[in-house]
Amino acid sequence: MISPCHMGMNYQERKAMIQRFNALQIQAVAFDFDGVLADSVPIKDDALEMLASLEAPGKGGEARKLWEQTRGVFRRERMGLVFKEVLQRDLEETTLDNLVARYKEAVFQRTVSAPAIAGSLEYLRSWPLIPSYIVSAAPQQEVVEIAQERDIHRYFRAIIGGPKKKNAVLAE
């Protein structure tokens, strides 16, 4: 069976693609999701700033700055760090869980609807034979659901998210 990525390609086009793939000797490609496949970074930054402002009026901008400096860190850990460092609050587990849930609620549908990064979909369609993966610090189930909603999951062999650390996943 030909994958959906190959639909519309004739034999010569597939052969040329295989030759390009072999010439580059690429074994696999790992994509982050936010800012690489979808223009969702501002959505997530805005949501954190809003939450921080609600919890500590006047501190949203400072919280956002630290949030932006800690990209790639698992969300729960990152949020705990922001609240501890900027808002001077050690959060109880249930409070942190509540904030993480509110954050997800604020970003999920907007992330599903975020525009694709220019060229990302074209790339995925052009290189269907290279094993591709999404490796994100966002929670795995959430990234899987978003990829399914955006109908891009079919381009990836696996979608890997938190709590696994990106560097550990990439080392495998």
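It should be noted that the structure appears before, not after, this text.
Residues numbered from 1 in each chain as written. Predicted model: local features only at pLDDT ≥ 70, side-chain atom pairs only at ≥ 80, totals over all residues. Heavy atoms only, no water.

1. Here we look at helix H7 (residues 140–149)
Consideration 1: Regarding H7, the residues found buried are Glu142, Val143, Val144, Ile146 and Ala147.
Consideration 2: Contact partners of the buried residues in H7: helix H4 (75–85), helix H5 (93–113), strand E2 (132–139) and strand E3 (158–162). (Buried < 20%, exposed > 50% of the residue type's maximum accessible area, 1.4 Å probe, protein only. Helix = DSSP H or I, 4+ residues; strand = E, 2+ residues; numbered from the N terminus. Contact = heavy atoms within 4.5 Å.)

2. Focus: the packing of H5 against H7
Consideration 1: The N-to-C vectors of H5 and H7 enclose an angle of 30°; their axes lie 9 Å apart at closest approach. Here H5 is positioned roughly parallel relative to H7, judged by the angle of their axes. The crossing of H5 and H7 is right-handed. Between H5, through Lys104, Val107, Phe108, Thr111 and Val112, and H7, the contact on the second element is made entirely by Glu142, Glu145, Ile146 and Glu149.
Consideration 2: Here the contact of H5 with H7 is composed, by residue class, of four nonpolar, one polar and four charged. (Axes fitted to C-alpha atoms, helices over the stretch in contact; angles between N-to-C directions. Parallel < 35°, antiparallel > 145°, perpendicular 65-115°, else oblique. Left-handed = near helix turned anticlockwise from the far one by under 90°. Nonpolar A, V, L, I, M, F, W, Y, C, P; charged D, E, K, R; others polar.)

3. Remarks on the packing of helix H2 (residues 41–55) against H5
Consideration 1: Where H2 contacts H5, the two axes come as close as 9 Å, and the packing angle between them is 145°. Handedness of the H2/H5 crossing: right-handed. Across from Ile43, Lys44, Asp46, Ala47, Leu48, Met50, Leu51, Leu54 and Glu55 in H2, the residues of H5 making contact are Leu99, Arg102, Tyr103, Ala106, Val107, Arg110 and Thr111.
Consideration 2: Its residues placed into classes, the contact of H2 with H5 shows ten nonpolar, one polar and five charged.

4. Some thoughts on the environment of Arg89
Consideration 1: Inspection of the secondary structure puts Arg89 in the loop between H4 and H5.
Consideration 2: Classification of Arg89 by relative accessible area gives partly exposed; the value is 28%.
Consideration 3: For the pair Arg89 and Ala56, spaced 33 residues apart in sequence, the C-alpha to C-alpha distance is 10.0 Å.
Consideration 4: Leave out the neighbours within four places in its chain, and Arg89 touches Glu55, Phe83, Lys84 and Thr95.
Consideration 5: Of the polar contacts made by the side chain of Arg89, one reaches the side chain of Glu55; its length is 3.2 Å. (Polar contact = N/O pair within 3.5 Å; in protein donor to acceptor, adjacent residues only side chain to side chain.)

5. Examining the packing of aromatic side chains
Consideration 1: Counted by the stated rule, this structure contains three aromatic pairs.
Consideration 2: Arranged with centres 5.9 Å apart and planes meeting at 80°, the rings of Phe31 and Phe156 form a pair that is edge-to-face. Residue Phe31 is located in strand E1 (residues 29–31), and its partner Phe156 is located in the loop between H7 and E3; the two are separated by 125 residues in the primary sequence.
Consideration 3: Three or more aromatic residues joined by ring pairs form one cluster here, namely Phe31, Tyr123 and Phe156.
Consideration 4: The ring of Trp67 carries the charged tip of Arg78 above its face, separated from the ring centre by 3.8 Å. (Phe/Tyr/Trp six-rings, centres within 6.5 Å; stacked < 30°, edge-to-face > 60°. Lys NZ or Arg CZ within 6 Å of the ring centre and 35° of its normal.)

6. Things to note about unusual backbone geometry
Consideration 1: Following Gly162, the chain continues to Pro163 via a peptide bond in cis, the omega torsion being 15°.
Consideration 2: Of note in the backbone geometry, Gln88 takes a positive phi value of approximately 55° without being a glycine.
Consideration 3: Topologically, Gln88 is positioned in the loop between H4 and H5.
Consideration 4: Since its relative accessible area comes to 64%, Gln88 is described here as exposed.
Consideration 5: Backbone geometry at Asp151 places phi at a positive 60°, although glycine is not the residue there.

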